[in-house]
Amino acid sequence: MNAIILADRQDITAEGIRRVFEAMGEQQLFNADDKAGLVELLCRYPDAVVVLDFTLFDINDAEELMVLHERFQQTRWVLFSVDLSSDMVRRVAVSQCFSVLLKECPLHEIKECLQMACRHNRYICRNMMEQLLVPAHHDVEETRLTKTETQILVDIARGMTTKEIAEKRFSSFHTVNTHRKNIFRKLGVNTVHEATKYALRAGLIDAAEYYI
């Protein structure tokens, strides 16, 4: 029986995945609230299957994730997030230990992915596979941010939350969150840390303003 580590900060999602694993007969389930807790569990169960919401967890970028992979080479990873950039997926897909699953996937595909991960097989969902089939050079034009997106990127890099940005701009949380997703997609990033590094390189903020 596999040890399963749920590294997802959305309680409702983690509970749903827990139910799926229990239906599969997997009973050895653990929750990791942060990276330190994840590492502690992996030290005890190095051959575990980790279901990771990469976008919301405190792992800064693909490089940091690959460092964990190098340390725990028996671990099987299921990246389970709302949105993942194709560049990031290409970065980790060099290893057979990574499966990719979007939260918009239908239940039958989620079950199939988790079953394959428990059998030490890789699975990449249909939606992400379609994104990976688009030539990388097609992303070049998408990196142009609108004026509003640039302003929101600056606020993100300065450490403001989506709610705070919405209040500042007199916009709805949903509107700002949509802008945020579009910014991350265009830049090919998945975390605030990666977006902030882009803002620093582009000269949109000074290093003194970066405090994340």
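Here, the structure is the one placed above.
What you see is a predicted model, and the numbers here were worked out from it, not measured in a lab.

Undergrad: Sorry if this is basic, but what is going on with the overall build of the protein chain here?
TA: Across its full length, the protein chain carries 10 helices and 5 strands. What you see for the protein chain is a C-alpha radius of gyration of 18 Å, in line with the 17 Å of a compact globule of 212 residues. Its C-alpha atoms give the protein chain principal-axis dimensions of roughly 50 × 35 × 30 Å. Classification of the 212 residues of the protein chain by burial places 46% in the buried group. Relative to all contacts within the protein chain whose residues are 6 or more apart in sequence, the contacts with residues 24 or more apart total 66%. A total of about 10,900 Å² of accessible surface is found on the protein chain, and carbon and sulfur atoms cover 51% of it. For the protein chain, the distance from the average site of its 26 positive side-chain charges to the average site of its 31 negative ones is 2 Å.

Undergrad: Help me out: how do you make sense of the packing of helix H2 (residues 35–44) against helix H3 (residues 62–71) in this one?
TA: Helices that pack against each other are described as a pair by the angle of their axes relative to one another and the distance between those axes. In the contact formed by H2 and H3, the axes pass within 11 Å of each other and the chain directions differ by 15 degrees. Classified by the angle between their axes, H2 and H3 sit roughly parallel to one another. Where H2 crosses over H3, the two elements pack in a sense that is right-handed. Residues Lys35, Leu38, Val39 and Cys43 of H2 pack against Glu64, Leu68 and Arg71 of H3. Among the residues making up the contact of H2 with H3, the classes are represented as 4 nonpolar, no polar and 3 charged.

Undergrad: I would appreciate a short explanation of unusual backbone geometry in the present structure.
TA: Generally, phi is negative for residues other than glycine and the peptide bonds are trans, each holding for most cases. The phi torsion at His120 lies on the positive side, around 65 degrees, for a residue other than glycine. Of note, His120 is situated in the loop between helix H5 (107–118) and helix H6 (126–132). For His120, a relative accessible area of 38% gives the class partly exposed. Positive phi, normally seen in glycine, also occurs at Phe170, with a value near 55 degrees. Positionally, Phe170 belongs in the loop between helix H8 (162–169) and helix H9 (173–187). Among the residues examined, Phe170 registers a relative accessible area of 78% and is labelled exposed.

Undergrad: Any chance you could explain the packing of aromatic side chains here in plain terms?
TA: For any pair of aromatic rings, geometry is given as the distance between the ring centres together with the angle between the planes. Overall, the coordinates contain 2 aromatic pairs when judged by the stated rule. Between the aromatic rings of Phe30 and Tyr45, the centroid separation amounts to 4.7 Å while the plane-to-plane angle is 25 degrees, which identifies the pairing as stacked. In this pair, Phe30 is assigned in strand E2 (residues 28–31) and Tyr45 in the loop between H2 and strand E3 (49–52), connecting sequence segments 15 residues apart. Classification of Phe30 as buried rests on a relative accessible area of 19%.

Undergrad: For this particular structure, what's the right way to read helix H7 (residues 147–157)?
TA: Those residues of H7 not exposed but buried are Glu149, Ile152, Leu153, Val154, Asp155, Ile156 and Ala157. Taken together, the buried residues of H7 touch H8, H9 and helix H10 (192–201). Gly159 sits one or two positions beyond H7 and adopts a positive phi of about 95 degrees.

Undergrad: Help me understand the pairing of strand E4 (residues 76–81) in this model?
TA: On any regular strand, side chains alternate: one points to one face of the sheet, the next to the other face. Within E4, 6 of the 6 residues are buried, which leaves the element mostly enclosed by the surrounding structure. Because side chains alternate across E4, one face comprises the buried residues Arg76, Val78 and Phe80, and the other comprises Trp77, Leu79 and Ser81, equally buried. Where E3 and E4 come together, 4 bridges link them in parallel fashion. In the strand pairing of E4, Val51 is matched with Val78. When E4 meets strand E5 (residues 98–102), the two strands line up parallel, connected through 5 bridges. Note that in E5 the partner of Val78 across the bridge is Ser99. You can see the chain leave E4, run along helix H4 (residues 86–92) and come back into E5, and the turn it takes is right-handed.

Conventions and cut-offs
Residues numbered from 1 in each chain as written. Predicted model: local features only at pLDDT ≥ 70, side-chain atom pairs only at ≥ 80, totals over all residues. Heavy atoms only, no water. Helix = DSSP H or I, 4+ residues; strand = E, 2+ residues; numbered from the N terminus. Rg over C-alpha atoms; globule rule 2.2 N^0.38 Å. Buried < 20%, exposed > 50% of the residue type's maximum accessible area, 1.4 Å probe, protein only. Contact = heavy atoms within 4.5 Å. Areas by Shrake-Rupley, 256 points an atom, 1.4 Å probe, with all protein chains shown as cover. Lys, Arg positive; Asp, Glu negative; His and termini not counted. Charge placed at Lys NZ, Arg CZ, Asp CG, Glu CD. Axes fitted to C-alpha atoms, helices over the stretch in contact; angles between N-to-C directions. Parallel < 35°, antiparallel > 145°, perpendicular 65-115°, else oblique. Left-handed = near helix turned anticlockwise from the far one by under 90°. Nonpolar A, V, L, I, M, F, W, Y, C, P; charged D, E, K, R; others polar. Phe/Tyr/Trp six-rings, centres within 6.5 Å; stacked < 30°, edge-to-face > 60°. Pairing = 2+ DSSP bridges. Right-handed = clockwise from strand over helix to strand, strands pointing away.

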